[in-house]
Amino acid sequence: MNKSKKIGFIGLGAMGKPMALNLLKAGYSVLAFDINQNMVDEIAKQGAVPCTSSGEVAVAADVMITSLPNAGIVEVVMVGSEGIFSQCKAGTTIIDMSSVSPSSTLKMAALAKPLGIDYVDAPVSGGTKGAEAGTLTIMVGADDAVFEQIKPILEVIGSDIYHVGATGTGDAVKIVNNLMLGCNMAILAEALILGVKCGLKVETMQQIISKSSGRSYVMDAKLEKFIMKDSFEGGFAMDLQHKDLGLALEAGKENNIPLPMTALATQIFESGKASGLGREDMSAIIKVWEKITNVKVTGGE
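Numbers given to residues run from 1 along each chain, matching the order in which its sequence is written. For a predicted model such as this one, the threshold for reporting local features is a pLDDT of at least 70, and the threshold for listing and counting side-chain atom pairs is 80 or more; totals across whole chains, interfaces and linings nevertheless cover every residue. Based on all heavy atoms of the structure, the side-chain values leave hydrogens and waters out of the count.

Glancing now at the pattern of salt bridges. Within this document, salt bridges are pairs made up of a side-chain nitrogen of Lys or Arg and a carboxyl oxygen of Asp or Glu, the two lying within 4 Å of each other. Under the counting rule described, the total for this entry stands at 8 salt bridges. Residue Arg-215 pairs with Asp-220 through a salt bridge whose shortest N-O separation is 3.1 Å. Taking the relative accessible area as the measure of exposure, Arg-215 reaches 49% and is therefore partly exposed. Asp-239 is the salt-bridge partner of Lys-273, the closest N and O atoms lying 3.0 Å from each other. Separated by 34 residues along the polypeptide, Lys-273 in helix α12 (residues 260–274) and Asp-239 in helix α11 (residues 238–254) bring together distant segments of the chain. The rule is simple: take the accessible area with a 1.4 Å probe, protein chains only, and divide by the maximum for that residue type; under 20% is buried, over 50% is exposed, in between is partly exposed. Elements are defined by DSSP. Helices are runs of H or I of four residues or more, strands are runs of E of two residues or more, and each kind is numbered from the N terminus.

Right, dumping it as structure tokens:
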């Protein structure tokens, strides 16, 4: 895509800000807005054009990117009293990189189409480190022609770009992925508690299972870095994992698909949130089981 195109970026949080910075570094003109003025001021120092509202961004941008906390906020930004749909010119492409349900995306796409706006869902995986490094995995739901047009922009933000299918399918595969992530984390916590109760050392389980069929991504990513260190700062917040499991349950209900394992994992993370662990890494769910069973796993004990 021609770098003379102006990119509007709305949502400069932990993921949005580094993505916007990478676009600036790549030579794109970026117009930025966030409800947190400090975030806008910070990115303006790096060369972004600061805006005072999402509507101001939409008026000037050729491509809009949003990275927002949930579907409710996405909808307000798109179709609220000062929504960007009413401000965008025909021919604008909106790339929503938020994690929302496919049905929410399809609703927004249906409203955008009569206005001549192309609406794309492009949720990401890879966390804040991936956002900073520009190595995110991006799952894109878009028409073929639109995907080809925006691909150069996405390649600045991520290293693995997958065109999954039509609008809504990017969100669908993200939900499936995070469903598995959450269920696997819940299982890992249970297994560690059982192993310690049976007299095993955490280090022993790590050594053997990492070479066996029980190995998983969450074991590689969460056991040593978080659980064994008894340190749960950073990472993927439990609040976000709980939200993603809720999205999976919502999609299951809409499609008449029973998801009993997902429902149980959701309740486990609900327990973690109720225990005040929502902002800690999702692996902090182990603390709930430690309290219930009086078994100490964290810290390698």
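Now that the structure has been shown, the text picks up again.
Taking every second residue as pointing to the same face, both faces of strand β5 (residues 93–96) are buried, with Thr-93 and Ile-95 on one and Ile-94 and Asp-96 on the other. Every crossover in which the path from the first strand over the helix to the second runs clockwise, viewed with the strands pointing away from the viewer, is termed right-handed. Handedness of the crossover joining strand β4 (residues 63–66) and β5 through helix α4 (residues 71–79) is recorded here as right-handed. Should DSSP find at least two bridges between two strands, the strands are regarded as paired. In this structure, β5 lies alongside strand β6 (residues 118–121), joined through 4 bridges in parallel fashion. Among the inter-strand pairings, Ile-95 is bridged to a residue of β6, identified as Val-120.

Further remarks concern the nonpolar core. Remark: nonpolar core denotes a set of buried residues (Ala, Val, Leu, Ile, Met, Phe, Trp, Tyr, Cys) joined through side-chain atoms within 4.5 Å. Counting residues in hydrophobic clusters, the biggest one holds 35 residues, and the most contacted among them are Met-185, Leu-192, Ile-227, Ile-285, Ile-286 and Val-297. Among the elements of the structure, α8 (169–197), α9 (202–209), α10 (217–227), α11, α12 and α13 (286–293) are those that each provide at least two residues to this core. When residues in this core are grouped by element, the largest group, 11 residues, is from α8. The next biggest cluster of nonpolar side chains, apart from the first, holds 33 residues, and it includes Leu-21, Val-30, Ile-150 and Ile-161.

Rolling a probe over the atoms, with the probe sized like a water molecule, indicates the empty space that remains. In this analysis the probe radius is 1.4 Å and the grid spacing 1 Å, with only protein atoms considered; a cavity is a set of points the probe fits into but cannot get out of, a pocket is an open set with protein on both sides within 12 Å along at least five of seven lines, and lining residues have an atom within 4 Å of a point. Grid points are joined across faces, edges and corners, and a volume is the space filled by probe spheres set on the points. The full count for this structure, using the stated rule, is 1 cavity of 30 Å³ or more. Space inside the largest cavity adds up to approximately 40 Å³. Surrounding the largest cavity, Ser-99, Val-100, Pro-123, Asp-171, Lys-174, Ile-175, Asn-178, Asp-244 and Leu-247 form its lining. For the lining of the largest cavity, the elements supplying multiple residues, two or more each, are α8 and α11. Counting residues per element, the lining of the largest cavity draws most heavily on α8, at 4 residues. The nonpolar class holds Ala, Val, Leu, Ile, Met, Phe, Trp, Tyr, Cys and Pro. Asp, Glu, Lys and Arg form the charged class, and all remaining residues, Gly among them, are polar. The class makeup of the residues in the lining of the largest cavity is 4 nonpolar, 2 polar and 3 charged.

Attention shifts here to unusual backbone geometry. At Asp-230, a position not held by glycine, the phi torsion is positive, near 55 degrees. The residue Asp-230 is located in the loop between α10 and α11 in this model. Backbone geometry at Asn-294 places phi at a positive 60 degrees, although glycine is not the residue there. By the element assignment, Asn-294 lies in the segment after α13.

The quantities given are spatial measurements derived from coordinates; they are silent on function.
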